[in-house]
Amino acid sequence: MAFRGRFILNTIYFASKRGADKAALIALSGHSEAVLEKENTIVDDQTYNAIIAYAVAQTANPFFGLHLGESQNLAAAGLMLQIIQSSKTVKQALGYVCHFSNLGCDALPMQLEEEKFYYKLSLRPSELWQQQSPLAVEQTAAGILTFTLRQFRNLSRAQYNPIAVHLTWDRPAIIDEYERIWNCRVEFQQAEIAILLKKAQVEEQVMTADFDLLQILVAHAEEKSNKIQQEQGFAALVRATIIQLVQPQFPSIEQVAANLNTSVRTLQRRLKADNYTYKQLLDETRKDFALSYLNRPNISMSEVAYLLGYADTSVFSRSFKRWTGVSPTEYRKQKVV
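A brief structural summary. (Residues numbered from 1 in each chain as written. Predicted model: local features only at pLDDT ≥ 70, side-chain atom pairs only at ≥ 80, totals over all residues. Heavy atoms only, no water.)

### Observations concerning the sheet that holds strand β5 (residues 164-166)
Across the sheet, which stays open at both edges, the five strands sit in the order β3-β4-β7-β5-β6 with mixed pairing between neighbours. For this open sheet the edge positions go to β3 (110-114) and β6 (185-187), each flanked by a neighbour on one side alone. On average, each strand axis in the sheet is tilted by 20° relative to the strand beside it, whichever way the strands run. With three bridges connecting them, β5 and strand β7 (residues 193-198) associate as antiparallel partners. Bridge pairing links Ala-164 to Leu-196 in β7. Each of β3, β4 (118-123) and β7 is contacted by helix α7 (residues 90-99), which is oriented at about 145° to β3, the strand it contacts most. Along the sheet, helix α9 (residues 134-155) contacts β3, β4, β5 and β7; its crossing angle with β7, the most-contacted strand, is approximately 15°. (Pairing = 2+ DSSP bridges. Helix = DSSP H or I, 4+ residues; strand = E, 2+ residues; numbered from the N terminus. Axes fitted to C-alpha atoms, helices over the stretch in contact; angles between N-to-C directions. Contact = heavy atoms within 4.5 Å.)

Given below as structure tokens:
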């Protein structure tokens, strides 16, 4: 899981305008401001989590993500803004928002689904990221939901509001800001992060639709999206897919290949070109999940083993010692100390 440098920089600029130390935030990123501005700069998830935690603390703003999404100029979406404004319908526009979500932040894949009485636009953070930093997930999701709703409202002549917004985290003591910005019912402790939209509104025509321009823009976006995947490497893409498909059972190679619209043989060949096997990637991902679970004292050792797909704790213990050189019990003791 990785974050684009420009996405990080926009977050830093917003935080600094509200009292956070800009130089300290840039230093946390591990890059200079000029490097963050470059299109191909990537920041890892642990660094991003630290930046969000610092920004929220420095600004003393529990609604940091909401306000970030509210304040960002829609023009910041750049190519995506042009694509959605050229789409034939709001539904098509939202479909492109989901398809090209990796152009901004690929840590929160989006999906538009048609239900019986409404459309559901859902955000799907990985289980690993939620384990590592619930704060970063909540703030980022709130910001992206807000920005996406603004794009949705901008497409129609009327400033439509969603039916409801569903959030996975606990209901805070104060929810006024959620209700003010989203102007709808907000429900917490739900199974997923999602916006529920009225069918008639999603199926409306876009007044600025331009089919010819849309084809050009989409082709350009596809090129950029493919370039991002190539820069990260195929192994990184497969690893991200593994994380997304954890339920909590880890996916088979067949499931990952199907998700990437490729054959198992092609997936294996492309991984080999990156000096990886599927088993190695699965092993590395299990290790990351194991470290995350063991950092949470409320999860027992047997539960950790079960969540990682091991038959018993002894098998998990042997694997963990192979990864880290210490047993899971020793690792937990070291963290406590």
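On we go.
### Quick word on the nonpolar core
Residues Ile-83, Leu-167, Tyr-178 and Trp-182 are the most contacted members of the largest nonpolar core, which totals 70 residues. If one sorts the elements of this core by residue count, α9 sits on top with ten residues. Apart from the residues lying within four places of it in its own chain, the contact partners of Tyr-178 are Phe-63, Leu-66, Leu-167, Trp-169, Pro-172, Asn-183, Val-186 and Phe-188. One finds Val-256, Leu-281, Tyr-293 and Leu-308 within the second-largest nonpolar core, a separate group that totals 31 residues. (Core = buried A, V, L, I, M, F, W, Y, C linked by side-chain atoms within 4.5 Å. Buried < 20%, exposed > 50% of the residue type's maximum accessible area, 1.4 Å probe, protein only.)

Geometric values such as these leave the question of function open.
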